[in-house]
Amino acid sequence: MKVLLVNGSPHEKGCTYTALMEVADTLEREGIEADFFWVGNKPLSGCIACKSCAEKKKCVFDDRVNDFLAIAASADGFVFGSPVHYAAATGKITAFMDRAFYADLLAGSQSFYLKPVAAVVSARRAGTTATLDQLNRYFAISEMPVISSRYWNMVHGATPEDVKKDLEGLQTMRVLARNMAWFLKCREAGMKAGVPFPVREENIYTNFIRE
Ligand SMILES: Cc1cc2nc3c(=O)[nH]c(=O)nc-3n(C[C@H](O)[C@H](O)[C@H](O)COP(=O)(O)O)c2cc1C
């Protein structure tokens, strides 16, 4: 089984990466493969709502979002990491997740359906819980079981060296990883035992308009 760790920081090997590394090391110790995916530091557009992903089965902009969509279906779980920028997730990870989750939905790929997921954030000081709330919204609308830890999934620091001194933050990452590994093993055992996926209903889509 494999977990994809998405680093939404402009720094490939910065504070967010340091937190994700603690998750990755612990996952691997638990027998779960951990692959990194960096969103990069080239400009990345937000969603232009063209909806062409429904036909193309990928985003109209051929960039890191499509690189991610090409491998997302093969992952069994996900961790999305972001530094805090102005008490929120970065503009880059927001644009990335808007497009990745919308394109996957309209394409009908179901790359995220009932797969465990967690958000991890890094900050020098503040804005962490607001950022976690923001990232968790993508999961809650995508039928993804959100895995939690003993504290909120955050580390503090302005440099990776700072983060390595945040012993509680790193422990939170290890607990998160072990909880995710346990859930993945239960999910696999359930599927092997023949537990079926939930019955699906046709979508009702009302926009709150009453005739
Ligand atoms: C544009 C910008 C805005 C930031 N805003 C905040 C903030 O609101 N709160 C905070 O604690 N740190 C803030 N920071 C600091 C980073 O969140 C922090 O250094 C983080 O750990 C960097 O992670 P990284 O190395 O993965 O990029 C900001 C940094 C930048 C570049």
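Quick caveat: nothing in here was measured; it's all calculated off a predicted structure.

## Let's talk about the UniProt feature "domain: NADPH-dependent FMN reductase-like" (unreviewed entry) in the protein
Summarizing the sequence annotation, UniProt attributes the feature "domain: NADPH-dependent FMN reductase-like" (unreviewed entry) to residues 1–157 in the numbering used throughout. Along residues 1–157 one finds 37% helix and 21% strand; the C-alpha atoms at either end are 31 Å apart.

## Details of the packing of helix α3 (residues 64–72) against helix α4 (residues 91–107)
Between α3 and α4, the shortest axis-to-axis distance is 10 Å and the interhelical angle comes to 45°. Overall, the two elements α3 and α4 adopt an arrangement that is oblique. Both α3 and α4 take part in a crossing whose hand is right-handed. Taken together, the residues of α4 that come into contact with α3 (itself represented by Arg64, Val65, Phe68, Leu69 and Ala72) are Phe96, Arg99, Ala100, Ala103 and Asp104.

## Structural notes on the site of the ligand
The full set close to the ligand counts 19 residues, and Ser9, Gly14, Cys15, Thr16 and Pro83 are the nearest of them. For the shell around the ligand, the secondary-structure elements that each account for two or more residues are α1 (15–29), β3 (77–85) and β5 (117–123). At three residues, β3 tops the list of elements feeding residues into the shell around the ligand. When the residues that make up the shell around the ligand are grouped by side-chain class, the tally is nine nonpolar, eight polar and two charged.

## Some remarks on the environment of Val146
Structurally, Val146 can be placed in the loop between α5 (128–140) and β6 (154–156). Its 12 C-beta neighbours within 10 Å are what place Val146 among the exposed residues. When the C-alpha atoms of Val146 and Val79 are compared, they prove to be 9.9 Å apart, with 67 residues separating the residues in sequence. Those residues in contact with Val146 that sit more than four places away from it in its chain are Val117, Ala118, Asn136 and Phe139.

What counts, and at which threshold
- Residues numbered from 1 in each chain as written.
- Predicted model: local features only at pLDDT ≥ 70, side-chain atom pairs only at ≥ 80, totals over all residues.
- UniProt positions renumbered as here; feature names shortened; annotations may be inferred.
- Helix = DSSP H or I, 4+ residues; strand = E, 2+ residues; numbered from the N terminus.
- Axes fitted to C-alpha atoms, helices over the stretch in contact; angles between N-to-C directions.
- Parallel < 35°, antiparallel > 145°, perpendicular 65-115°, else oblique.
- Left-handed = near helix turned anticlockwise from the far one by under 90°.
- Contact = placed C-beta atoms within 7 Å.
- Near = placed C-beta within 6 Å.
- Nonpolar A, V, L, I, M, F, W, Y, C, P; charged D, E, K, R; others polar.
- Buried ≥ 20, exposed ≤ 12 C-beta atoms within 10 Å, placed from the backbone.

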